[in-house]
Amino acid sequence: MKLFAQHGAQTGQKIESGIKQNLLDGVIYSPKDIAMTKLGEELKNLNKSHPQLERLLDPQFYACFAAANAEARLGFLEDEYAAYFGPKSRRELEREMAVRDILKRSLQFQKNLDVSAFIAPNILIPRSLNSIESVIAKNFIRSAAAEHAELKDPRRLLVTLAISRDALIDKQELAEFLNEITVLENPPAGFYLLVAANSSEVRGEICNAETLSAWMLVNHTLKINGFEIINGFSDVFSPLLGAAGADAGCTGWFSNLRSFSLGRFGPSSGGRLPIPRYLSKRLLNRITFSELDAIRNRFPAVLNGLETDSLYKTDGSEPQRNQEVFQSWETIRALNKEIVKSSVRDSLLSWNKALDEAEKTYTEIRRANYSLDTKSGDSHLEPIREAVNLFARAAEIKLSA
């Protein structure tokens with residue numbers, strides 16, 4: 001399974017360094033956060049220096065409804081990408097010709113860039129898969145391949161599929177929706193799949209059994225129907241989605257690049273910089289650098305034994321803030337390699353083993369009277385385990401002997 005950088009604000013040299021360290025297989029660029037001229041230059045340079053690297057542009061058209069808000073934070077998207085982006089109403093997008101025009105303009109814009117594949121735009125389905133937004137989203141999906149064919153360009157086409165966690169959890173609606181988009185007369189090569197949270201509380205909104213199992217099921221259904229799937233903003237859930245059939249996951253250096261929400265386009269709420277954390281393969285979770293410093297000698301299993309461990313020195317364990325992402329990328333890449341097997345069943349069994357080891361280590365830490373903060377604790381393990389079981393039942397995969 002591949003891992004891509006989710007590009008965003010304050011990129012600096014992070015992506016370039018990640019590529020040089022062989023931590024990344026590609027980049028998903030955010031037009032909100034990069035000027036059009038600079039984007040063209042970066043794509044051209046990457047194509048020249050790393051032609052095997054995936055270079056993709058997320059059109060971010062799903063922000064079109066937010067664009068009408070005077071306080072929206074659209075960055076470069078609003079002006080420099082006006083060739084295809086602008087504020088839209090649902091009523092406008094109910095017209096098929098309007099959808100096809102947006103597709104045409106977005107794909108034509110990307111044709112002039114050194115992207116390795118096209119990502120067609122779409123809107124977010126916010127509440128229900130039985131809604132006007134769902135109808136509009138399906139129109140984008142149905143029409144994308146025809147507009148792509150008009151370009152006469154050999155680069156493959158992926159279509160954005162953005163669904164809120166609220167819309168995912170109705171199993172009947174999800175089954176009907178997936179049935180419709182997997183029997184297209186003119187299908188794309190694959191999907192750029194996004195699952196949206198309503199807020200920054202990813203642990204409560206996304207890390208629950210119903211949402212995770214549904215996200216896995218979407219990946220599995222698309223994969224068995226022959227589609228490529230790249231999961232945007234999937235972060236630590238990338239190996240879980242890989243177990244269900246995903247081809248790639250993505251993550252970045254800020255919380256809004258690790259989980260997807262339209263909140264990143266809304267008014268700024270300010271706030272302090274987060275405490276640097278260490279992503280532990282054994283715990284399947286991030287712990288603060290001070291927690292790592294307190295337990296690393298007593299419980300060496302929480303350390304990954306990877307090169308980026310050196311960024312967390314033994315005298316305090318605090319990394320340089322701009323290097324934390326390298327540790328995340330290397331860890332997720334390692335988990336993808338260790339957990340995602342050649343068959344879905346073997347991958348799920350591998351997940352159950354990893355969860356057993358995590359539970360054992362958390363128990364040992366508690367018994368030794370070490371205290372971890374809420375985000376560092378083990379509350380994520382039960383919903384992931386339940387998600388594995390729910391998905392296995394839905395996909396009719398028998399995990400017991």
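Residues numbered from 1 in each chain as written. Predicted model: local features only at pLDDT ≥ 70, side-chain atom pairs only at ≥ 80, totals over all residues. Heavy atoms only, no water.

Draft legend 1. Layout of the overall build of the protein chain. Check the secondary structure of the protein chain and you find 15 helices and 11 strands. Relative to the globule expectation of 21 Å for 401 residues, the C-alpha radius of gyration of the protein chain, 21 Å, shows essentially globular dimensions. Relative to its 401 residues, the protein chain shows a buried fraction of 57%. Excluding contacts between residues fewer than 6 apart, the proportion of contacts in the protein chain whose partners are at least 24 apart in sequence is 71%. Of the roughly 17400 Å² of accessible surface on the protein chain, 47% is carried by carbon and sulfur atoms. Taking the average place of the 50 positive charges on the side chains of the protein chain and the average place of its 51 negative ones, the gap between the two points comes to 3 Å. (Helix = DSSP H or I, 4+ residues; strand = E, 2+ residues; numbered from the N terminus. Rg over C-alpha atoms; globule rule 2.2 N^0.38 Å. Buried < 20%, exposed > 50% of the residue type's maximum accessible area, 1.4 Å probe, protein only. Contact = heavy atoms within 4.5 Å. Areas by Shrake-Rupley, 256 points an atom, 1.4 Å probe, with all protein chains shown as cover. Lys, Arg positive; Asp, Glu negative; His and termini not counted. Charge placed at Lys NZ, Arg CZ, Asp CG, Glu CD.)

Draft legend 2. Just the pattern of salt bridges, in detail. Evaluated as defined, the whole model comprises 23 salt bridges. A salt bridge links Arg105 to Asp101; the nearest nitrogen and oxygen atoms lie 2.9 Å apart. Note that Arg105 and Asp101 are positioned in helix 5 (residues 96-111) at a spacing of 4 residues, about one turn of the helix. Residue Asp101 is classed as partly exposed on the basis of its relative accessible area, which comes to 34%. A salt bridge links Asp356 to Arg385; its shortest N-O distance comes to 2.8 Å. Here the residue Asp356 occupies a position in helix 14 (residues 344-367), and Arg385 occupies one in helix 15 (residues 381-394), the gap between them amounting to 29 residues. The exposure class assigned to Asp356 is partly exposed, which follows from its relative accessible area of 42%. (Salt bridge = Lys/Arg side-chain N within 4 Å of Asp/Glu carboxyl O.)

Draft legend 3. Up close: the nonpolar core. If you look at the biggest cluster of nonpolar residues, it comprises 128 residues, and the most contacted ones within it are Phe85, Leu212, Trp215, Ile230, Trp329, Leu348 and Trp351. Non-local contacts of Ile230, meaning those with residues more than four positions away in its chain, are made with Phe4, Ile28, Leu56, Leu158, Phe191, Tyr192, Leu193, Ala248 and Cys250. (Core = buried A, V, L, I, M, F, W, Y, C linked by side-chain atoms within 4.5 Å.)

Draft legend 4. Up close: unusual backbone geometry. In the Ramachandran plot, Gln60 falls in the positive-phi region, its phi being about 60° despite a non-glycine side chain. Mapping Gln60 onto the fold places it in the loop between strand 3 (54-57) and helix 3 (77-80). Its relative accessible area of 1% is what places Gln60 among the buried residues. One non-glycine residue, Lys152, lies in the positive phi region at around 55°. Its location among the elements puts Lys152 in the loop between helix 6 (132-151) and strand 6 (157-164).

Draft legend 5. The pairing of strand 9 (residues 248-251), seen in detail. Going residue by residue along strand 9, you find Ala248 and Cys250 tucked away on one face and Gly249 and Thr251 tucked away on the opposite face as well. Alignment of strand 1 (residues 2-6) against strand 9, held across 4 bridges, turns out to be parallel. When the bridges of strand 9 are listed, Lys2 appears paired with Ala248. Note: strand 8 (residues 228-231) against strand 9, 2 bridges, orientation parallel. Looking at the pairing, Ile230 lines up with Ala248 of strand 9. The parallel pair strand 8 and strand 9 is bridged by helix 11 (residues 238-243), and the resulting crossover is right-handed. (Pairing = 2+ DSSP bridges. Right-handed = clockwise from strand over helix to strand, strands pointing away.)

Fair warning: the whole summary comes from geometry, so function is off the table for now.
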